Amino acid sequence: MKKSLLAICAILLLAISAQSCSKSQSLKGKEIVFVYGGWEGHDPVGCRDLFVPWLESQGATVHQSDNLDIYMEHDIMEKADLIIQCWTMGSISGAQERGLLEAVKNGAGIAGWHGGTGDSFRNSTDYQYMIGGQWVAHPGNIIDYKVKITNHRDKITKGIKDFQVHSEQYYMQVDPNVEVLAETRYTGDNDWWIEDRTIPVVWKTQYGNGRVFYSSLGHTAKDFINCPESFEIMKRGILWAVK
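Cut-offs used in this document
- Residues numbered from 1 in each chain as written.
- Predicted model: local features only at pLDDT ≥ 70, side-chain atom pairs only at ≥ 80, totals over all residues.
- Heavy atoms only, no water.
- Helix = DSSP H or I, 4+ residues; strand = E, 2+ residues; numbered from the N terminus.
- Buried < 20%, exposed > 50% of the residue type's maximum accessible area, 1.4 Å probe, protein only.
- Phe/Tyr/Trp six-rings, centres within 6.5 Å; stacked < 30°, edge-to-face > 60°.
- Lys NZ or Arg CZ within 6 Å of the ring centre and 35° of its normal.
- Axes fitted to C-alpha atoms, helices over the stretch in contact; angles between N-to-C directions.
- Parallel < 35°, antiparallel > 145°, perpendicular 65-115°, else oblique.
- Left-handed = near helix turned anticlockwise from the far one by under 90°.
- Contact = heavy atoms within 4.5 Å.
- Nonpolar A, V, L, I, M, F, W, Y, C, P; charged D, E, K, R; others polar.
- Pairing = 2+ DSSP bridges.

Undergrad: Lay out the overall build of the protein with the relevant residues and their values.
TA: Of the regular secondary structure elements, the protein holds 9 helices and 11 strands. When each of the 243 residues of the protein is scored for burial, the buried share is 55%.

Here it is as structure tokens:
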């Protein structure tokens, strides 16, 4: 109970400290498509229940869907300012994928985290091309590791210091052209041959006219509560990505 209260207090403190960075940004009047589902191990419903209230508190209209068919709903996708996807594994049809990719190409932003965006559709290289990376492993499964902020000037990471995480340390194949904001280094305790290798954790990029933001943090909703830095980074990334 004490740990939970401390985590909540930490989140509030981070939110207050971030106001100077994001006070000019708002989601008021923005149309956001929030898609959740896929593998339940990544807690899509819990993540929805964490993020949607915050989005609505910022003034956004949120279209929630537990079905990828929403990507084929032209009237909704045409008006979307941002797409947030929490959908691990599974498959996406050609029509669903075209609807998603075209919306981002035309200017809608897309933002997401962990496997919900970085390990969504393993057979869709066009989708991976848009996101800028794809999960391939998490050596040791749930472990303690460090996230190093590599860009202290960007609004998404400004004021946030390096921090520790107890979760899956994602090893990803990443487009070398994305703008990396944070990274992690591997110890080799689990797979000795990757000792001292670094992999991006947080990045942003562009796809057509749309902004793309990704963070490999957030295995479940609880991870965001236990690690307030990861929650703050995700919120700032959403504010950056929105059209």
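Undergrad: Can you lay out the packing of aromatic side chains for me, pointing to particular residues and giving the numbers?
TA: One pass over the full model with this rule turns up 13 aromatic pairs. Centroid distance Trp-203 to Tyr-214: 4.7 Å. Interplanar angle 40 degrees. Geometry classified as tilted. In this pair, Trp-203 sits in strand 10 (residues 198–207) while Tyr-214 sits in strand 11 (residues 210–215), placing the two residues 11 residues apart along the sequence. Accessibility classification places Trp-203 together with Tyr-214 in one group, the buried group. Seen from the ring of Phe-231, Lys-235 lies directly overhead, with NZ or CZ sitting 4.7 Å from the centre.

Undergrad: Just give me the short version of the packing of helix 3 (residues 44–57) against helix 9 (residues 228–241), but keep the residues and values in it.
TA: Contact geometry of helix 3 with helix 9 gives a least axis separation of 12 Å together with a crossing angle of 50 degrees. The angle between helix 3 and helix 9 falls in the class oblique. Seen from above, helix 3 lies across helix 9 with right-handed handedness. In this structure, helix 3 contributes Leu-50, Phe-51, Trp-54 and Leu-55 to the contact, and helix 9 contributes Phe-231, Met-234, Lys-235, Ile-238 and Leu-239. Considering only residue class, the contact of helix 3 with helix 9 consists of 8 nonpolar, no polar and 1 charged.

Undergrad: Which residues make up unusual backbone geometry, and what are the values?
TA: For Met-89, which is not glycine, the phi dihedral falls at a positive 60 degrees. Positionally, Met-89 belongs in the loop between strand 3 (82–88) and helix 5 (94–105). The phi dihedral of His-114 falls on the positive side, at around 45 degrees, and the residue is not glycine. The residue His-114 is located in helix 6 (residues 114–118) in this model.

Undergrad: Describe the sheet that holds strand 1 (residues 31–38), listing the residues and the values that go with them.
TA: If you trace the 9 strands from one edge of the open sheet to the other, you get 2-1-3-4-11-10-9-6-7, paired in mixed fashion. A strand with exactly one partner marks an edge of an open sheet, and here the two such strands are strand 2 (61–65) and strand 7 (163–168). The average angle at which neighbouring strand axes cross in this sheet is 20 degrees, direction not considered. Sheet analysis places strand 1 next to strand 3, joined by 7 bridges and oriented parallel. Paired with Ile-32 across the two strands is Leu-82, which belongs to strand 3. Lying on the sheet, helix 3 is in contact with strand 1, strand 2, strand 3 and strand 4 (109–113); it crosses strand 1 at an angle near 170 degrees.

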